[in-house]
Amino acid sequence: MMAKAARTAAAWRTYREVTKPGSPGLMTRVRAIPRMVGAVMRGQYAGMGKSRLALLGVGVVYILSPVDVVPDFLMMIGVVDDFGVFLWLVATLLGESGRFVEHERNVIQARPVEEEG
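Residues numbered from 1 in each chain as written. Predicted model: local features only at pLDDT ≥ 70, side-chain atom pairs only at ≥ 80, totals over all residues. Heavy atoms only, no water.

### Focus: the overall build of the protein chain
The number of helices and strands found in the protein chain is four helices and zero strands. Reading the protein chain from its N end, one meets helices and strands in the order α-α-α-α. Within the protein chain, the proportion of its 117 residues that are buried is 27%. Look at the contacts in the protein chain between residues 6 or more apart in sequence, and 60% of them connect residues 24 or more apart. (Helix = DSSP H or I, 4+ residues; strand = E, 2+ residues; numbered from the N terminus. Buried < 20%, exposed > 50% of the residue type's maximum accessible area, 1.4 Å probe, protein only. Contact = heavy atoms within 4.5 Å.)

Here you go:
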C-alpha cells in the first residue's frame, strides 16, 4: 500500500513539474533526451553525471529484459516492480531533460551575438 502511494505521489510530482507555467512541455522534454544523453557523454553538460546516466540505462535494460528480480509469474508483485522502475525512469528522465532544456536556453541566452561585418 505504501509503495502504491509513493508511486502515485511521484507521478503527481512529475505531472506538476511538466505542466508548470514557463516550464518546458512534455514533448520538448522528450525531444531533448537524445541531446541530453549526447551532451552528458561528451562532457558538455555537467548537470547530470555519467553514473546517473548509466543508472537510467540500467533501468531501461531492466524494463526490457526478460529476466526480472521479481518474476512476473508471481503475478502482481512481478508486474508492480517493473511498473515502479518504469515510473522512476519516466519521472527521472522528464525531470532531468527539463533541467537540460533550461540549461540549453541559458547557454543560448548567454552566448554573445556575433557582429555582422
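### A few points about the nonpolar core
Residues Met 36, Val 40, Tyr 45, Met 48, Leu 56, Leu 93 and Phe 100 are the most contacted members of the largest nonpolar core, which totals 13 residues. When contributions to this core are tallied by element, the ones reaching two or more residues are helix H2 (26–41), helix H3 (50–64) and helix H4 (76–110). The dominant element in this core, judged by the number of residues it contributes, is H2, at five residues. (Core = buried A, V, L, I, M, F, W, Y, C linked by side-chain atoms within 4.5 Å.)

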